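Examination of the molecular architecture
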Amino acid sequence: MPSDHYFSQRPSSPAEQRPLEVHLAGRDVSLVTASGIFSPDHVDQGTRVLLGAMPAPPAGDLLDLGCGWGPIALSLALQAPGSRVWAVDVNDRAIDLVRVNAERLGLTNVNACRPEDVPADVRFASIRSNPPIRVGKEVLHGMLEQWLPRLADGGDAWLVVQRNLGSDSLHRWLADAGWDVERVTSEKGFRVLRVRAPG
């Protein structure tokens, strides 16, 4: 049996696509999925909680960090057709699926790519993420240290974290690092944090 993780760059399991019917941004959509990615068969509970808690996305560049097959990125793109959505993942199969799913939905405002392919001068009006907690604290903190400083003036980040996988410790770490952190909601074992630059 393959030992893939959703944070594997190139999953070794078969890449055969299969249909996926889900509800995103107030509509039923027909997408495709495959094995070797995070939550391949449905919108996972954490992402559902995040999507339910998030306000409408602002205009500008938007980032879905750790996009998987794309439920957050596709929702942002459907809600804000005038914004540019960056769907970022280290998993090449996930990136391919986001591209296919964006095309299926007729979305031209989604850029699915690896982290290093996002131009260095892009600043984000908002970051929305169900971050990959299971990569470990060191990697997770490194990701946030890389991307949170790229928020535009007045921008914010919305993160969903399972309570028993360290949401409170992440909250404290962000606050200790100087970020303005607010717990927006706690639902079904998940907490949604809104992160902004101080002042």
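Residues numbered from 1 in each chain as written. Predicted model: local features only at pLDDT ≥ 70, side-chain atom pairs only at ≥ 80, totals over all residues. Heavy atoms only, no water.

1. So, the overall build of the protein
A tally of regular secondary structure across the protein gives 5 helices and 9 strands. Overall size of the protein, expressed as C-alpha extent along the three principal axes, is 45 × 40 × 35 Å. Taking the intrachain contacts of the protein between residues at least 6 apart in sequence as the baseline, contacts between residues at least 24 apart amount to 66%. About 9,500 Å² of surface is accessible on the protein, with carbon and sulfur atoms providing 47% of the total. (Helix = DSSP H or I, 4+ residues; strand = E, 2+ residues; numbered from the N terminus. Contact = heavy atoms within 4.5 Å. Areas by Shrake-Rupley, 256 points an atom, 1.4 Å probe, with all protein chains shown as cover.)

2. Some points on the nonpolar core
Across soluble globular proteins, nonpolar side chains show a tendency to be buried alongside one another. Judged by nonpolar contacts, the single largest core of 37 residues is most densely connected at V22, L24 and W69. The dominant element in this core, judged by the number of residues it contributes, is helix 2 (residues 71-79), at 6 residues. Discounting chain neighbours no more than four positions away, the residues touching V22 are R27, D28, V29, L31, V43 and W69. Counting 25 residues, the second-largest nonpolar core is a separate cluster that includes W86, C113, I133 and V181. (Core = buried A, V, L, I, M, F, W, Y, C linked by side-chain atoms within 4.5 Å. Buried < 20%, exposed > 50% of the residue type's maximum accessible area, 1.4 Å probe, protein only.)

3. So, the pattern of salt bridges
Inspection of every chain in the model, using the stated rule, returns 9 salt bridges. In this structure, R99 and D96 form a salt bridge, with 3.7 Å as the shortest nitrogen-oxygen distance. Here R99 and its partner D96 are both found in helix 3 (residues 92-104), 3 residues apart, which amounts to about one turn of the helix. Classification of R99 by relative accessible area gives partly exposed; the value is 46%. R196 is the partner of E182 in a salt bridge, and the nearest nitrogen-oxygen pair spans 3.6 Å. (Salt bridge = Lys/Arg side-chain N within 4 Å of Asp/Glu carboxyl O.)

4. Focus on the UniProt feature "domain: Methyltransferase small" (unreviewed entry) in the protein
With numbering matched to this structure, UniProt assigns "domain: Methyltransferase small" (unreviewed entry) to residues 29-194. Across residues 29-194 one finds 31% helix and 30% strand; the C-alpha atoms that close the span lie 28 Å apart. (UniProt positions renumbered as here; feature names shortened; annotations may be inferred.)

5. Side note on the sheet that holds strand 9 (residues 190-196)
Spatially, 7 strands are ordered 5-4-3-6-7-9-8 in an open sheet, and the strand pairing comes out mixed. Both edges of this open sheet fall to strand 5 (110-113) and strand 8 (180-187), since each of them pairs with a single strand only. The average angle at which neighbouring strand axes cross in this sheet is 15°, direction not considered. Pairing between strand 3 (residues 61-65) and strand 4 (residues 84-88): 5 bridges, direction parallel. Counted as the bridge partner of L65 is V88 from strand 4. Its contacts with the sheet place helix 1 (residues 45-53) against strand 6 (124-129), strand 7 (151-162), strand 8 and strand 9, and it is angled at close to 50° to strand 9. Against the sheet, helix 3 engages strand 4 and strand 5, with an angle of about 160° to strand 5. (Pairing = 2+ DSSP bridges. Axes fitted to C-alpha atoms, helices over the stretch in contact; angles between N-to-C directions.)

6. Here's the deal with the environment of G52
Relative to the assigned elements, G52 resides in helix 1. Counting along the chain gives 16 residues from G52 to G36, while the straight-line C-alpha distance between them is 26 Å.

7. A few points about the packing of aromatic side chains
Each pair of aromatic rings is reported with the distance of its centres and the angle of its planes. Counting across every chain of the model gives 1 aromatic pair. Here the aromatic rings of F124 and W147 are separated by 6.1 Å at their centres, their planes lie at 55°, and the arrangement is tilted. Of this pair, F124 sits in strand 6 while W147 is found in helix 4 (residues 137-147), placing the two residues 23 residues apart along the sequence. W147 shares its class with F124; the two are buried. (Phe/Tyr/Trp six-rings, centres within 6.5 Å; stacked < 30°, edge-to-face > 60°.)

8. Quick look at the side chain of D61
Relative to the elements of secondary structure, D61 occurs in strand 3. At 2.6 Å, the side chain of D61 forms a polar contact with the side chain of R84. Discounting chain neighbours no more than four positions away, the residues touching D61 are R84, W86, V122, R123, F124, A125 and S126. (Polar contact = N/O pair within 3.5 Å; in protein donor to acceptor, adjacent residues only side chain to side chain.)

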